[in-house]
Amino acid sequence: MEFTKPAEIERESMRIIDGELLARGIALPEETKAVVKRVIHTTADFDYAENLRFTPDAVKRALAALRGGATIITDTNMALAGVSKIALQKLGGTVRCFMAEPFIAEDARARGVTRAVASMDYASENMPDAIYAVGNAPTALLRLAEHIESGMRPALVIGVPVGFVNVVESKERALAVCEAHGVPAIVALGRKGGSNVAAAICNALLYAAAELAEPERRGGV
């Protein structure tokens, strides 16, 4: 059968994902299923069915924040570009990334820190209750952990940086800190992740919050 419409392709992709999960003996919890499947759909990588970790009620609390018009902060413009603007508009939310702002670059130079750290410092001071989606920089995730230990309480931390240096450690630390302080978190343990994964998690949550899970409702006809 030939599928030519985006909605048809997405629906068939999800059907294939369901079949492969069943064949692997993986039964996803109902609360987290949409997020995990969206990440698999984005990456074609079934490892995420096992390496994505959710703190208790992370999805429920994230949906409540998004329905309240929460701001999403990303650590890359790539993730920012991938977050659904249709869903954000419906919910009255926004998505921001400060990495390319000249004042962030200047602050990073002046203090001798990375732009990722400077952007997290700025965002945490000005938008402490936002949703933070980190898909690239482990230094951003580590800085968020420090701010949480100092009293910051984000609506959600998405920790999915990709790579080899400090990546695994940053995710484990962020998850432990979020669990210790009651901050909702979704973390991909191990080396895998990326800006596309961060955006996929945001979109799975946005689609659920805005009741846009069906692709036709997002214009995918």
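You'll find the structure just up there.
Keep in mind that this is a model prediction, so the values were computed, not measured.

K.L.:
Is there a simple way to explain the nonpolar core in this structure?
P.N.:
As a rule of thumb, soluble globular proteins bury nonpolar side chains together. Judged by nonpolar contacts, the single largest core of 47 residues is most densely connected at Ile 72, Ile 131, Ile 201 and Leu 205. Top contributing element to this core by residue count: helix H11 (residues 195-209), with 11 residues. Here Ile 131 is in contact with Ala 62, Ala 65, Leu 66, Ala 70, Thr 71, Ile 72, Ile 73, Ala 155, Leu 156 and Ile 158, once residues within four sequence places are set aside. In terms of nonpolar packing, the next biggest core, distinct from the first, is built from 29 residues, Met 127, Ala 140, Val 157 and Val 187 among them.

K.L.:
Is there a simple way to think about the environment of Val 160 in this case?
P.N.:
Locating Val 160 in the fold gives a position in the loop between strand S5 (156-159) and helix H10 (167-181). In sequence terms Val 160 and Ser 195 are 35 residues apart; their C-alpha atoms lie 7.9 Å from each other. Ignoring anything within four residues of it in the chain, the contact list for Val 160 reads Val 134, Gly 135, Lys 171, Ala 188, Lys 192, Gly 193, Gly 194, Val 197, Ala 198 and Ile 201.

K.L.:
Teacher, can you tell me more about H10 here?
P.N.:
Because an α-helix packs 3.6 residues into every turn, residues spaced three or four apart end up facing the same way. With 15 residues, H10 should reach 21 Å at 1.5 Å per residue; the first-to-last C-alpha distance of 21 Å fits that figure. Buried residues along H10 sit against strand S1 (52-54), helix H9 (138-149), S5 and strand S6 (185-188). Gly 182 occupies a position one or two residues after H10 and carries a positive phi of about 70 degrees.

K.L.:
I tried to follow the pairing of S5 on my own but got confused; where do I start?
P.N.:
A regular strand carries its side chains on alternate faces of the sheet. Taking every second residue as pointing to the same face, both faces of S5 are buried, with Leu 156 and Ile 158 on one and Val 157 and Gly 159 on the other. Two strands pair when backbone bridges link them, and strand S4 (residues 131-134) and S5 are joined in this way by four bridges, in the parallel orientation. Paired with Ala 133 across the bridge in S5 is Ile 158. Crossover S4 to S5 through H9 is right-handed. When S5 meets S6, the two strands line up parallel, connected through three bridges. Bridge assignment links Val 157 to a residue of S6, and that residue is Ala 185. Following the backbone out of S5, through H10 and into the adjacent parallel S6, one traces a crossover that is right-handed.

K.L.:
Please explain helix H8 (residues 115-126) as it appears in this structure.
P.N.:
Over its 12 residues, H8 runs 16 Å from end to end, which matches the ideal 16 Å to within 8%, given 1.5 Å per residue. What H8 keeps buried is the set Ala 116, Val 117, Ala 118, Ser 119, Met 120, Asp 121, Ala 123 and Ser 124. Elements that come into contact with the buried residues of H8 comprise strand S2 (71-74), helix H7 (102-111), S4 and H9.

Conventions and cut-offs
- Residues numbered from 1 in each chain as written.
- Predicted model: local features only at pLDDT ≥ 70, side-chain atom pairs only at ≥ 80, totals over all residues.
- Heavy atoms only, no water.
- Core = buried A, V, L, I, M, F, W, Y, C linked by side-chain atoms within 4.5 Å.
- Buried < 20%, exposed > 50% of the residue type's maximum accessible area, 1.4 Å probe, protein only.
- Helix = DSSP H or I, 4+ residues; strand = E, 2+ residues; numbered from the N terminus.
- Contact = heavy atoms within 4.5 Å.
- Expected span 1.5 Å × (residues − 1).
- Pairing = 2+ DSSP bridges.
- Right-handed = clockwise from strand over helix to strand, strands pointing away.

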